[in-house]
Amino acid sequence: MKKFEHYHPMMSAHYTLDWLTQTPLKVIHAAIPTERSMTEMAQVVSKAMQLVMHNQALIWGIVQRDNQQFAGVASLSIDTVAQCAELKFIYQADRLPVAGRNEIIDYLAAFTFAELELPHFVITLAATDNALRQNLITQGYQTTKQPQKLIKNK
């Protein structure tokens, strides 16, 4: 596997996935739901980049390509023992609608199978994300024992 630091920027049809350090901290802080101070958010971003540099996770800021608006965070945790990648989002629904999340999920599932050569892709959804859950199930994702997680196998 390539070093994770090489996997940026990545572009789906409507979004650019790039390191959190490419977006000003105040923009990240304003765009995602958090109780953290700016200092605490800076520490979170720093820790995220350390995970990337140590090949433990891929964490990107999501930016809409048409207007350059920061839309949220996508975190892809890699488990080499279980041979899977697990995707989680941090976002506000008005900035990253269902169609946007679905586009990024499709893009990162293909990336997991082709580039990372992992046979399993897991997505963790918010408990309230029923529309996206149903859409993913129609695309071949399967439910798991944990209600918020869906899996797709290569």
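For every chain, the first residue of the written sequence is number 1, and numbering continues from 1 along that sequence. This being a predicted model, a pLDDT of at least 70 is required before a residue's local features are given, and a value of 80 or more before pairs of side-chain atoms are given or counted; all residues contribute to the totals for chains, interfaces and linings. Values reported for side chains reflect all heavy atoms of the structure, with hydrogen atoms and water molecules removed beforehand.

1. Considering unusual backbone geometry
1) Next: In this model, histidine 8 is joined to proline 9 through a cis peptide bond whose omega is -20 degrees.
2) Next: For proline 9, the position within the fold is in the segment before β1 (10–11).
3) Next: Even without glycine at this site, glutamine 68 takes up a positive phi of about 60 degrees.
4) Next: Only DSSP runs of H or I covering at least 4 residues are called helices, and only runs of E covering at least 2 are called strands; the numbering of each starts at the N terminus. You can see glutamine 68 is positioned in the loop between β3 (57–64) and β4 (70–79).
5) Next: Exposure categories follow from relative accessible area, calculated using a 1.4 Å probe and restricted to protein chains: below 20% of the type maximum is buried, above 50% is exposed, and the middle band is partly exposed. Owing to a relative accessible area of 57%, glutamine 68 belongs among the exposed residues under this scheme.
6) Next: Even without being glycine, glutamate 117 reaches a positive phi, approximately 55 degrees.
7) Next: In this fold, glutamate 117 is placed in the loop between α3 (98–114) and β6 (120–124).
8) Next: The exposed category is assigned to glutamate 117, whose relative accessible area is 60%.

2. Quick notes on the sheet that holds strand β7 (residues 142–143)
1) Next: In short, DSSP must find at least two bridges between two strands for them to pair. Spatially, the eight strands line up as an open sheet ordered β1-β2-β3-β4-β5-β6-β8-β7, and their pairing is mixed. Both edges of this open sheet fall to β1 and β7, since each of them pairs with a single strand only.
2) Next: With two bridges connecting them, β1 and strand β2 (residues 15–18) associate as antiparallel partners. The partner of methionine 10 across the bridge, within β2, is leucine 17.
3) Next: α3 contacts β1, β2, β3, β4, β5 (84–91), β6 and β8 (149–153) of the sheet and is inclined by roughly 155 degrees relative to β6. Every residue pair with non-hydrogen atoms within 4.5 Å of one another is taken to be in contact. The angle between two axes is taken between their N-to-C directions and runs from 0 to 180 degrees, where each axis is a line fitted to C-alpha atoms and a helix contributes only its stretch in contact.

3. As for the pattern of salt bridges
Opposite charge on two side chains permits them to pair, given that their charged atoms come into close proximity.
1) Next: Counted as salt bridges are all cases of a side-chain nitrogen of Lys or Arg within 4 Å of a carboxyl oxygen of Asp or Glu. Summed over the entire model, instances satisfying the criterion amount to two salt bridges.
2) Next: Residue glutamate 86 pairs with lysine 149 through a salt bridge whose shortest N-O separation is 3.0 Å. Taken together, the residues glutamate 86 in strand β5 and lysine 149 in strand β8 connect sequence positions 63 residues apart. The two residues glutamate 86 and lysine 149 agree in class, both being buried.
3) Next: In this structure, the salt-bridge partner of aspartate 129 is arginine 101, at a minimum N-O distance of 2.8 Å.

4. Re the packing of aromatic side chains
We describe a pair of aromatic rings using the distance from one ring centre to the other and the angle between the two ring planes.
1) Next: Aromatic rings from Phe, Tyr and Trp, taking only the six-membered ring of Trp, are treated as a pair when their centres fall within 6.5 Å; an angle between ring planes under 30 degrees marks them as stacked, one over 60 as edge-to-face, and anything in between as tilted. Applying the stated rule across the entire model yields six aromatic pairs.
2) Next: With centroids separated by 6.4 Å and ring planes inclined at 5 degrees, the aromatic side chains of tryptophan 19 and tryptophan 60 adopt a geometry described as stacked. Of the two residues, tryptophan 19 sits in the loop between β2 and α1 (25–31) while tryptophan 60 sits in strand β3, which places them 41 residues apart along the sequence.
3) Next: Ring-pair connections join several aromatic residues into one group, and the members of that group are Phe4, Tyr7, Trp19, Trp60 and Phe111.

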